[in-house]
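Examining the three-dimensional arrangement
Spelled out from the first residue to the last, the chains are:
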Amino acid sequence: DTASFKTLQGTGIFQAQRNELQVSISPNPATDMVTLHSRLAVNAAVYGIEGRELLKVTNATRINIAALPAGIYLLKVTDTTGGKQTTLRFTKHNQ
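Predicted model, so just to flag it, every value in this text is computed and none were measured.

About the criteria used
- Starting from 1, residues in each chain are numbered consecutively following that chain's sequence as written.
- Residue-level local features of this predicted model are given only where pLDDT is at least 70; pairs of side-chain atoms are given and counted only at 80 or more, and the full residue set underlies all totals for whole chains, interfaces and linings.
- Only hydrogens and water are removed before side-chain values are computed, so all heavy atoms of the structure are retained for them.
- A run of H or I in DSSP counts as a helix once it spans at least four residues, and a run of E counts as a strand once it spans at least two, with each numbered from the N terminus.
- When checking whether two residues touch, look at their non-hydrogen atoms; a contact exists if any pair is within 4.5 Å.
- Working definition: rings of Phe, Tyr and Trp (its six-membered ring) pair if their centres are within 6.5 Å, and the pair is stacked with planes under 30 degrees apart, edge-to-face with planes over 60 apart, and tilted otherwise.
- Residue burial is assigned from relative accessible area. The probe radius is 1.4 Å, only protein chains are included, and a residue is buried under 20% of its type maximum, exposed over 50%, and partly exposed in between.

Structurally, Thr78 can be placed in strand 6 (residues 71-79). Those residues in contact with Thr78 that lie beyond four places of it in its chain are Leu21, Ala41, Val42, Asn43, Lys84 and Gln85.

Now the structure itself:
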């Protein structure tokens, strides 16, 4: 038996990194506000760990998370043109 492989162009880690948005958040863990640090204007959506969208913010620099219960959340951040994105995880603590 023999096996053959074909290498596809543009489908590697390099391609994925080019489309990833460079953004960070602070503080983490947080109690009432999360600040986004990005060189580009971004939109953000907060998801519960089960995948349900809980909050959505356009042109986000800060997100008010005070109403969310304590837990772990996912933050999907996209640039305002929709070309780049990344997903971050943060923890919300009660005060």
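Having seen the structure, we can now continue with the description.
Turning our attention to the packing of aromatic side chains. On inspection of all chains with the given rule, the structure shows 1 aromatic pair. Each ring, one from Tyr73 and one from Phe90, has its centre 5.6 Å from the other, and the planes form 25°; the classification is stacked. Remark: Phe90 occurs in strand 7 (residues 85-92) and Tyr73 occurs in strand 6; sequence separation between them is 17 residues. In terms of burial, Tyr73 and Phe90 fall into one category: buried.

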